[in-house]
Structures are given as structure tokens and as C-alpha cells.
Amino acid sequence: MRSDAILNDAARGSSDPRQRRPIPAWVATTALLLPTYGWLTLAVLLPLLTMFVFSFMSATPMGKTPIVFTLKHYRAFIDQPYLINIAWTSLVIGFWTTLLCAVFGFLAAVALARATVGRMRETLLVLLLLPFWTNGLVRVFSWTMVLRENGFLDGVVDMVLPDIGSISFLYTRYAVVLGLVHGYLPYMILTCYIALSTIDDAIIEAAASLGARWWTILLRILLPLAAPGLISGAVLTFVPVIGSFMEPRILGGKVGVTMGTVIEDQFTQAFNWPLGAALSFTLLAVVLAIFATFSGVLRRGTTA
Amino acid sequence: MTNVNVNSVAKTYGTTPVLTDISTDFPEGSFTSLLGPSGSGKTTLLRIIAGFIRPDEGIVSIGGRDVTHVPVWGRNIGMMFQSYALFPHMTIAQNVAFGLGRRGIHGAEARKQVDAALEMVHLPGFADRMPKQLSGGQQQRVALARAMVIKPSVLLLDEPLSALDRRLRQEMQVELLRIQRESGLTTIFVTHDQEEALTLSDKVAILDKGRIVQIGDPETVYEKPLTRFAAEFLGDSNFLKGKVESGAVRLADGTVVHAAGTLPADGAQATLAVRPEKMFVAKDPSPGNRLTARITTVIYAGQALSYILETADGMQVKLFAQNRDGNVLKQGETVVLGWSADHTVAVAD
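The structure presented is a predicted model; accordingly, all values stated were derived computationally and were not measured. (Residues numbered from 1 in each chain as written. Chains lettered and ligands numbered in written order. Predicted model: local features only at pLDDT ≥ 70, side-chain atom pairs only at ≥ 80, totals over all residues. Heavy atoms only, no water.)

Right, let's get into the domain arrangement of chain B. Residue and element names in this part refer to chain B. Assigned domains within chain B: domain 1 (4–227) and domain 2 (236–347). With centres defined by C-alpha atoms, the gap from domain 1 to domain 2 works out at 39 Å. In this assembly, seven residues from domain 1 lie in contact with seven residues from domain 2. Note on domain 1 versus domain 2: buried area summed over both sides is about 590 Å², and carbon and sulfur give 45% of it. The tally of links from domain 1 across to domain 2 stands at one salt bridge. Taking the shortest distance from any N to any O, the salt bridge between Glu-223 and Lys-278 comes out at 2.8 Å. Counting across the interface, domain 1 meets domain 2 through three residue pairs in polar contact (both at pLDDT 80 or more). Class assignment of the residues belonging to the side of domain 1 that touches domain 2 gives a composition of four nonpolar, one polar and two charged. (Domains from an automatic or database assignment. Contact = heavy atoms within 4.5 Å. Buried area = accessible area lost by both parts, 1.4 Å probe. Salt bridge = Lys/Arg side-chain N within 4 Å of Asp/Glu carboxyl O. Polar contact = N/O pair within 3.5 Å; in protein donor to acceptor, adjacent residues only side chain to side chain. Nonpolar A, V, L, I, M, F, W, Y, C, P; charged D, E, K, R; others polar.)

Residue and element names in this part refer to chain B. Reading across from one edge, β15-β19-β16-β17-β18 is the order of the five strands in this open sheet, with antiparallel pairing throughout. If you trace the sheet from one side to the other, it starts and ends with β15 (280–281) and β18 (316–322), each paired once. In this sheet, strand β19 (residues 334–339) lies alongside strand β16 (residues 289–301) in antiparallel orientation, the contact comprising six bridges. Paired with Ala-293 across the strands is Val-335, a residue of β19. (Pairing = 2+ DSSP bridges. Helix = DSSP H or I, 4+ residues; strand = E, 2+ residues; numbered from the N terminus.)

Here the focus is the packing of helix α10 (residues 214–225) of chain A against helix α11 (residues 227–242) of chain A. Between two packed helices, both the angle of their axes relative to each other and the distance between the axes serve to describe the pair. Residue and element names in this part refer to chain A. Running from N to C, α10 and α11 point in directions that differ by 55 degrees, and their axes come no closer than 4 Å. It follows that α10 is oblique to α11 by the angle criterion. For the pair α10 and α11, the contacting residues are Leu-223, Pro-224 and Leu-225 in the first and Ala-227, Pro-228 and Leu-230 in the second. Residues of the contact of α10 with α11, tallied by class, amount to six nonpolar, no polar and no charged. (Axes fitted to C-alpha atoms, helices over the stretch in contact; angles between N-to-C directions. Parallel < 35°, antiparallel > 145°, perpendicular 65-115°, else oblique.)

Time to look at the packing of aromatic side chains. A complete count under the given rule lists 13 aromatic pairs over all chains for this structure. Residues Phe52(A) and Phe281(A) carry aromatic rings whose centres are separated by 5.0 Å and whose planes lie at 70 degrees to one another, so their mutual orientation is edge-to-face. Of this pair, Phe52(A) sits in helix α2 (residues 25–54) while Phe281(A) is found in helix α14 (residues 273–293), placing the two residues 229 residues apart along the sequence. By relative accessible area, Phe52(A) is classed as partly exposed at 38%. With centroids separated by 5.6 Å and ring planes inclined at 10 degrees, the aromatic side chains of Phe229(B) and Phe233(B) adopt a geometry described as stacked. Of the two residues, Phe229(B) and Phe233(B) are both situated in helix α8 (residues 228–233); the distance of four residues between them amounts to about one turn of the helix. Looking at Phe233(B), the relative accessible area reads 18%, which means it is buried. (Phe/Tyr/Trp six-rings, centres within 6.5 Å; stacked < 30°, edge-to-face > 60°. Buried < 20%, exposed > 50% of the residue type's maximum accessible area, 1.4 Å probe, protein only.)

Glancing now at the UniProt feature "domain: ABC transmembrane type-1" (unreviewed entry) in chain A. Under the local residue numbering, the UniProt record ascribes the feature "domain: ABC transmembrane type-1" (unreviewed entry) to residues 87–294 of chain A. As annotated, residues 87–294 of chain A comprises 76% helix and 0% strand, and the C-alpha atoms at either end are separated by 19 Å. (UniProt positions renumbered as here; feature names shortened; annotations may be inferred.)

Here we take up the pairing of strand β10 (residues 211–216) of chain B. All names here are of chain B. Judged from the five bridges that link them, strand β9 (residues 203–208) and β10 form a sheet pairing that is antiparallel. Each residue of the ladder has a partner; that of Ala-205, found in β10, is Ile-215. From the end of β9 to the start of β10, which pair antiparallel, there are two residues, and Lys-209 there has a positive phi angle of about 50 degrees.

Before going further, it helps to spend a moment on the pattern of salt bridges. Taken as a whole and judged by the stated rule, the model has 20 salt bridges over all chains. The partner of Arg47(B) in a salt bridge is Glu205(A), with the nearest N and O atoms 2.5 Å apart. Linking Arg47(B) in helix α1 (residues 42–50) with Glu205(A) in helix α9 (residues 201–209), this pair reaches from one chain into another. An identical accessibility class is assigned to Arg47(B) and Glu205(A); each is buried.

Across chain B, the average pLDDT comes to 93, with 100% of residues at 70 or higher. Of all secondary-structure elements in chain B, the lowest mean pLDDT belongs to helix α6 (residues 194–200) of chain B, at 89, while helix α2 (residues 92–102) of chain B reaches the highest, 97. (pLDDT = per-residue confidence, 0-100.)

Another point: the packing of α2(A) against α14(A). All names here are of chain A. Interhelical geometry of α2 versus α14 gives an angle of 110 degrees and a closest axis separation of 8 Å. In terms of orientation, α2 lies roughly perpendicular with respect to α14. Two packed elements cross with a definite hand, and for α2 against α14 that hand is left-handed. Facing α2, whose interface residues are Leu-48, Met-51, Phe-52 and Phe-54, α14 presents Trp-273, Pro-274, Ala-277 and Phe-281. Split into classes, the residues belonging to the contact of α2 with α14 amount to eight nonpolar, no polar and no charged. (Left-handed = near helix turned anticlockwise from the far one by under 90°.)

All right, on to the sheet that holds strand β3 (residues 31–35) of chain B then. Residue and element names in this part refer to chain B. The strand order across the open sheet built from six strands is β6-β7-β8-β3-β9-β10, with neighbouring strands paired in mixed fashion. With partners counted over all chains shown, the strands left at the sheet margins are β6 (77–80) and β10, one partner each. When strand polarity is set aside, the average angle formed by the axes of neighbouring strands in this sheet is 20 degrees.

Attention now moves to the interface of chain A and chain B. Each side of the interface is counted separately: chain A has 18 residues, and chain B has 21 residues. Both faces combined, the contact of chain A with chain B buries some 1,800 Å², and carbon together with sulfur accounts for 68% of it. The largest contributions to the chain A side of the interface with chain B come from Glu205(A), Ser209(A) and Leu210(A), which together make up 35% of the buried area. Between the two partners, chain A and chain B, sit one salt bridge. Linking chain A to chain B there are four residue pairs in polar contact (both at pLDDT 80 or more). Contributing elements (two or more residues each) for the side of chain A that touches chain B: α9 and α10 of chain A. If you tally residues by element for the side of chain A that touches chain B, the top one is α9(A), at seven residues.

The structure is reproduced here in C-alpha cells:
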């Protein structure tokens, strides 16, 4: 009797029209990705493609000048050699910003990961992220308040060491790097923190039990194990810093001429969109070339 | 001389005491298991000896040297963890050589010692592999080699075998014991597996609520438990409660039970512990203790049989028997249980 009932149940189950068929995997994948890809196509890919087309035009296609196909914007670095210096400046600023972010961000992430007492970790995390709830422009401008002559920094220095005079370094490359480090540090902290928090405490304890002091643990254990976080943090920092224009303009003044500001000028001041677009794509090519050069190192770092 | 001595060590987290006044000595070359339920403080005690936790009070010394305020890296300990804790970004050889490097041993000398250590744990030829490529048992062998290669003063094991499956665990137990015996290293082993504790150690310490309730060789701790907790935690026990009457204990139903060792004074309440495997079904009158009970549950496990019985006044008694003749007692049967007075121990509640 009972086995009959089970058989009947099984038979009914398989022929039940309301029975849900499993959705094929490719349908599910497509359905899950469609919103994102649709959005990206509409909002990023199409405008980017338009810009790419623009970069081959002789003039911005909004005036009355006739448009012809040209490659001359891609020769800008040859025609205007001063651009090479500017690009070099951008790369140097990108390098120092990324390096400083990596050092500070990694150490801060270690502190975060090791802070286990009560709600210390949450508090520290909020304190780190709090400044980023304010507008970016306001943050950069507030640095001018600190760095200008007789600003907050000078005031504090004057209180401690009255004879030293002004140490203001607003409108220098140092100020630009400082502002950029401030802006991109959280990305580095978060990516490093995520990498560090996956490390088993027992690994650190094992190292200590074998005689390792804190600096050995930091350099031989934590640093290599957090390398994936450091590398993704470096990519997240380096790429936008190369193209940044707000910080160089506000904190760099006259010396703050970077690829970012030059490109911005083409769009806002010179109204030469094709040149701006061509420079953007050249910059993209340079960044990709840099990553391609270091891809071996990057890959090893992310799989270790 | 590398004994480990712990003197009136106490540790409190917030207001919760984790360890209260622990004083004990781990003699040179001894293999001691710290056994207890979770929260008993066994891991805390091990971590205090290792140096990961600083005790609020008391002194820890290793080989006569007071290390209470010496950081972990200065204590020269070998440690094994439940999660193996191999460095995932280093090869097996680099893992084993890590502690040597911290002691200034590099190059050919280090390689020689690493090879010897891997030989010892039967993993020669694994030097260039990564930890991920090894099975759990192999990883734990590497961890053992890594801990032993630095010639530590003491070997501290934090449940190193609990992540392994049964067969591997038994293999590793044999291995661990062999290496410990060969090296004569003072070893302290935290476990919640009582069988493992009895098999491996020459001393078992039972912890409960931050205290060592009993410490001694496995046989003594098992056969002569001092407290009800010790009798219950290590193995299984039947507890018989009654009043002391002229050198024996009279239970509530009037049965008189004789016990080995000293009993409290006449008229006092006493709890007696009897191991279920020491009891048997008494066929003919023989000297020793007797108890009549009815079988309520029969648990058949092939080679072993377990019965749960109930006496007339509702007391539950367990009986373990070997399935020697294939005759399984039936549920509902009333039998007379017999056991020797030597196997009856008075325990403190």
C-alpha cells in the first residue's frame, strides 16, 4: 500500500504541469547580466564609441565647419612635444600617489584588521570613510585652506616653531600628490583590508611561535598575502589619478598642468573635442601598455 | 631541563573568569593532555603558556626560566594549530625553513635541517610543493616538521588532529607519539577527544570552569575519578546516590553497595560512580554488588551492546556489554546487575 502511494506520488510529480522546470543555466546567466550590460552599453560604451569617432574628426561636429576624417589629433605628441612633459608629469604624480596610498593604506588596513577589541574596528572604519561622505570639491578646497600661506598648517607650525617661517607648499606638485593621496586612500585601505581579513589568525600566530617579530610578520607574511588587495588598490588608484584634473588645477595652480587638465581644457576652454578625445584614448593606451608590461607581476600577485 | 611550570595563573575576560588559580607542572619529556569541554579554559591555558595571552596573575616558566613577560617569539616554542596554519605563499621547504631563518640559519645548513625534518615526518621530496597541493594530513605533518625543526623547548598542540578524518587521525596519533618519544620533548596537547587524550598522553588534566579538577596518568584518572564531572567527562559513568552506613552506601531502594577507597563518615550523603562496562548481568550468586533493574532500551551496535535500565525507584543505569554469544537481552526484561566493589568509586559532586 505504502509503496504504491509513493510510486503514485512520484508519477504524479513528474507529469504535473505546474511542476517547475529548471531554468537552463545560460538563460539565468543572461538574465542576471542583462541589466548591467544593457546599462553599460547605453551609458558608457555608446558615448565612448562616439568619442572615439570624434577623435578622428577635424573639428567639433557642432559648428558650421565642414568635418573631414583626420589622424592629426593622434600626432599631438609629435606636433606639440610639450605634451610629452605633461604626460610624464602625470605619470610621476600617479606613481607617487599610488606608492604613498599603498604604504599608508596597507598599514591602516593592518591596523583595521588587527583591531578586534569591541567595536573598535567599526569605529575606525567609519572614521576613515567619514571624510568621503562630503563633496570631493569641498575636500580639495579645504586643503587650500590648510596649505596656503598663513593657512592652518602655517598657524600650527608657527605655534610650535615660531622662527621657521612659512612652509606653505600650496601650488606645488607635493600639494597635488597630497590631495590625490587623500582622495584615493580609502580604495587602497578597503582593498587591502579585504585581503588581510581573509588571513587566518593562526598563520600569524604560527609565525610568531617560530620566532618572527612584528616586522618580519608584516613583510614576510602579511605583505605577500595581501598582495592581491594591494594590486587591485593600486590599479584603482593609478588609473583615475593619471586622468585627474580637479586636484591638479586647485592645488597645483600653475604647476598643476597634467594630462587630465589638458584634456579638460580641450572640452571646456578650447572647444576642441576631437583633440580631447584623441588625448584621452592615447592616455588609455599608455595605461594599458603599462599594465601589459607588468601583467606578469600582477597575475602572480593575484593568484598567490 | 625543559619542564613547564604554571604557578597560580589566573585570567579574566571582563568579569568572566576563564582560568582560576591554575598551578601545575609539566615534567620534562611528558606528554600531557588538557581535556575539557569548550569554555573550560584549556585553550586559554595553552595560549598563556605559548605567550599569546598574558595572564592577569601567576607565573609561567619554561625550563626554569620565568617567561611570563617574554613575548611569543622569544619563548622557543613549537606549536601546531587545528587549521595547520602553513604559510600559503611559501613552498613546503620555505615553510619549514621559516623558523630556522629567524634563528639565523640559512643556506646549505638550513636545507640540510629542512630535509631531515621532512624525512622525519615521512614527506621527503615534498620540499618544492605548495601547501595547497597537499592533503590535510600531509599539511599537518609539514606543520609538525616546521615546529620540530627549530628544536623547541616545548611542543604545544592546539587540537591539531580534530580537522582530520578518523583514519588519518589515528595515523597521525601514532606518528606524533613516535616523534614525541624520540625527541623527548615536553608536550602539551589540547583536545576535546577523550579517546585521543587517553591514547596519547602519559598525563591527563581535566579542566572544568577554569580549574584543573584532576590530573594524573590516564589509568588513574579513568579508573579513580575524583569528581562527578571527571567521571562523566572522561568516559561514561553510572552514579548511585545514597547514605553512608557502616562502610557501605545504602541507596534509596535499600540496596547496599560496597565501594573501594575511603567513604565519607557514616550518615553522610555519598555519590558512587561505576563505569557501565564494569557491570554485568549476574547469573548466579557471586560476591560483589547487586542491583535489580528493568531494561528500557537496547542499543545494538554489532560488536558492542548498550542497555539502558531502570531500577524500581526510577534510577537510570547504563550497561555496556560485548556481543560475545549473540544473545541480546530483550527490552522489558528484569535482570540483576553485578559488579565488583573495586570498580565503585566515591566521587565529589
